[in-house]
Every structure is written in C-alpha cells, then in structure tokens.
Amino acid sequence: MTRYDVFCKVIETGSFTRAADVLGYSQSAVSQTVQALENELGAALLVRTKGGVRLTADGESFLPYIRAVCGAGQALDEKRREMQGLENSVIRIGTFTSVSRNLLPPLMQQFKALYPGAHFVLQQGEYTGIARWVQEGAVDFGFVSPEAVSGLALAPLYRDEMLAVLPPKHPLAAKSRVTLRELAAEPFILLDEGKMSVVKNAFAGAGLAPHIEYEVYDDYSILAMVRQGLGISILYRLVLAGFGEGVALRPVAEPLERTVALAWKSWDTLPLAARRFAEFIKARAPGIAQQLKER
C-alpha cells in the first residue's frame, strides 16, 4: 500500500493501533509511514489524543487531495484486474477464408472459456489488404502469407498445401494426381489472392497460361461453381477440410503451398487482449491446423 492509503486507513479507523491491525503492519511501521507523508508534504497532518488521532488544520486541507489519490489508485488497481481478465476487450483480426472458417472458431471458443469478457471483430480480406490494415491500425493483427508483406513483425504458424478441385466425373478425376499442364488446359476458376497469387506464380513458373474463365475471391463460391461443372480449380487443403463433398480432390504433381503467419506492427503497443490472444494463437494454431489436415 502507498503512504496515502496508510494515512487514509488511520483516518478511517481513528487510531494508529487499529490501522496497524487492519493492515497487518506494526504500529511503528504505520507511524513511520504517516511521518514520511508529513515530511513529503512539509506539514503536520495528525495529532495524537487520548481517544486516538485527529487532523490538524493542515491535515484538514490536505485530506480531500489525499483521498483523491487513494481513490485514483484503487480505480487503477480495479482497472488492472479488469484488464487481466480482459473484461469488455475487443480483439480486431484481419483474416481470410480458411482461417476464419476452420482455424479461428476453435481458438476463439477456447480463449473465451478462459476470458469470457473478450470479444472479437473479424475483418475478411486478402494478404496485401490485411497487411495494410495492420499497418494502418484498422486491426490489431492479421493472418498473412509472409511473401506478400513487408515492414511487419511475423510469426509463421503452419504451411498449407493446395489440391486440385474437380467435378467428380471430370476425366482428370480418374487420375491419382494431376499436373499443372493438365489443369491449364481446362476452364479454370482462379482464387483471387491479391497481388501474391500462389497459383498464378506456379503457372507462370512452369511457363503455362491457364484458361481462366473466372477469378473469384471466396473459396466456397469456387467450390459451388466446381460442383456445378463451371470449371476446375486449385484450393488450399484447410479450405477444403470438411467441405469437400461433391467434388474430387487430387494432389498436384508440382507442389503448391503457402506459409500462414501472424503479422503485427509493434508487439509493445498491441492492446493487452490482442497480445494475449496472439500468444494463444502462436501456441495452439499449429496443432489445430495439423488436426484439420488429417481429417
């Protein structure tokens, strides 16, 4: 306790002895603390009487200010305890489909079991947009591909491979794996990943120009389009976890994958709730991602 708290307790109890008993201090410690406060303020604050203590004229003048300091300290302590429990905290996250659909729900559920007062705001986008939101402070942190961002702190979480997505009766579905050349010759539905497209880069690296019929931002819209026979596609395994019904999934001969990382601007200035959830994600996301891959 501060010397202000001790002084207020002496006034509240009316005696050094009773204040010492309540605080669990020795009477001499309480007396020395009050004397230190008097030295600090340059004034005698209390007078001992047979019945206990009474305020001096200076003590009467200082008392409202001392009580204000004590009240502010108590309010600060209450706020600290509230923040430790993350009461009424809002965690703002930039994310994309496979993370918001499959990875974040179990993480948020587990985190809220520990901190029921935490709330989440998810902002859906693609890598470069999410990185911009983090830089601008629109979100606390975001999920990104490290190759698509710069100037941010990164914590790699897991790698996510891509699979060919075909209508079940498509001729390529009869093969155990397919090549980029085979896929490039078919009507293709391209996942829009912004400036950094794993699929586009893979085709370009192989010297191929795919027959792109559609470029679609939402992975699950692509799945619906493939089911309707509008084309074929390549999507991430974690997007497909639990949602592969009605399509044929085949490995691609030339491996395509991305690293998924957590990105933030400054760890020291992250709000407490966001920092704690980011630590939670770093510890648990790799295991959850592995479980999803094994479905």
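Above this text is the structure in question.
Residues numbered from 1 in each chain as written. Predicted model: local features only at pLDDT ≥ 70, side-chain atom pairs only at ≥ 80, totals over all residues. Heavy atoms only, no water.

Asks: Quick question: what am I supposed to make of the overall build of the protein chain here?
Replies: Looking only at helices and strands, the protein chain features eleven helices and eleven strands. For 295 residues, the compact-globule estimate of 2.2 N^0.38 gives 19 Å, and the C-alpha radius of gyration of the protein chain, at 31 Å, exceeds that figure by more than 25%. Dimensions of the protein chain along its principal axes, counting C-alpha atoms only, are 105 × 35 × 25 Å. Counting every position in the protein chain, which comprises 295 residues, the buried fraction comes to 47%. (Helix = DSSP H or I, 4+ residues; strand = E, 2+ residues; numbered from the N terminus. Rg over C-alpha atoms; globule rule 2.2 N^0.38 Å. Buried < 20%, exposed > 50% of the residue type's maximum accessible area, 1.4 Å probe, protein only.)

Asks: Just checking my understanding: could you explain the packing of helix α2 (residues 16-23) against helix α3 (residues 27-41) for this structure?
Replies: A pair of packed helices is characterised by two quantities: the angle between their axes and the separation of those axes. Between α2 and α3, whose axes approach to 8 Å, the crossing angle comes to 110 degrees. As far as their axial angle goes, α3 and α2 are roughly perpendicular. Facing α2, whose interface residues are F16, T17, A19 and A20, α3 presents Q27, V30, S31 and V34. Residues that form the contact of α2 with α3 fall into these classes: five nonpolar, three polar and no charged. (Axes fitted to C-alpha atoms, helices over the stretch in contact; angles between N-to-C directions. Parallel < 35°, antiparallel > 145°, perpendicular 65-115°, else oblique. Contact = heavy atoms within 4.5 Å. Nonpolar A, V, L, I, M, F, W, Y, C, P; charged D, E, K, R; others polar.)

Asks: Would you explain the packing of aromatic side chains in this entry?
Replies: Centre-to-centre distance and the angle between the planes together describe a pair of aromatic rings. All told, the structure shown has ten aromatic pairs when counted by the stated rule. Summarising the aromatic geometry, the rings of F111 and Y115 are spaced 4.9 Å apart at their centres and angled 45 degrees between planes, so their arrangement reads as tilted. There is no split in this pair, since F111 and Y115 are both buried. Three or more aromatic residues joined by ring pairs form one cluster here, namely F111, Y115, F120, F141, F277 and F280. (Phe/Tyr/Trp six-rings, centres within 6.5 Å; stacked < 30°, edge-to-face > 60°.)

Asks: For this particular structure, what's the right way to read empty space enclosed by the protein?
Replies: Over the atoms rolls a probe the size of a water molecule, and its path tells where empty space is left. Per the stated rule, a full pass over the model turns up one cavity of 30 Å³ or more. Counted as a void, the largest cavity has a volume near 130 Å³. Together, 14 residues line the largest cavity, and F96, G125, D192, D219 and R258 are the ones closest to its centre. A class-by-class count of the residues in the lining of the largest cavity yields six nonpolar, three polar and five charged. (1 Å grid on protein atoms, 1.4 Å probe; cavity = no way out; pocket = protein on both sides within 12 Å on 5 of 7 lines; lining within 4 Å. Points joined across faces, edges and corners; volume = space filled by probe spheres on them.)

Asks: Help me understand the pairing of strand β1 (residues 46-49) in this model?
Replies: Put simply, side chains in a regular strand alternate between the two faces of the sheet. Note: β1 against strand β2 (residues 52-55), four bridges, orientation antiparallel. Bridge pairing links L46 to L55 in β2. In textbook terms, the turn of a hairpin is the stretch between consecutive antiparallel strands, and for β1 and β2 this stretch comprises two residues. (Pairing = 2+ DSSP bridges.)

Asks: Would you take a moment to explain the pattern of salt bridges for this structure?
Replies: Opposite charge on two side chains permits pairing when their charged atoms draw close. One pass over the structure, following the stated rule, counts nine salt bridges. In this structure, E40 and R3 form a salt bridge, with 3.0 Å as the shortest nitrogen-oxygen distance. Of the two residues, E40 sits in helix α3 while R3 sits in helix α1 (residues 3-13), which places them 37 residues apart along the sequence. Since its relative accessible area comes to 33%, R3 is described here as partly exposed. The partner of R258 in a salt bridge is D160, with the nearest N and O atoms 3.7 Å apart. Taken as a pair, R258 in strand β11 (residues 257-264) and D160 in strand β6 (residues 153-166) lie far apart in primary sequence, 98 residues in all. Exposure remark for D160: the relative accessible area of 0% places this residue in the buried category. Taken together, the shared-partner salt bridges connect D160, E193 and R258 into one network. (Salt bridge = Lys/Arg side-chain N within 4 Å of Asp/Glu carboxyl O.)

Asks: When you look at the nonpolar core in this model, what are you seeing that I'm missing?
Replies: The tendency in soluble globular proteins is for nonpolar side chains to be buried side by side. One finds I91, F141, F143, L183 and F277 to be the most contacted residues of the largest nonpolar core, which totals 83 residues. A per-element tally of this core places helix α11 (residues 272-293) first, with eleven residues. Among residues more than four places away in sequence, those in contact with L183 are A164, L166, L172, V178, F188, F203, I232, I234 and V252. Counting 20 residues, the second-largest nonpolar core is a separate cluster that includes V10, I11, A20 and V34. (Core = buried A, V, L, I, M, F, W, Y, C linked by side-chain atoms within 4.5 Å.)

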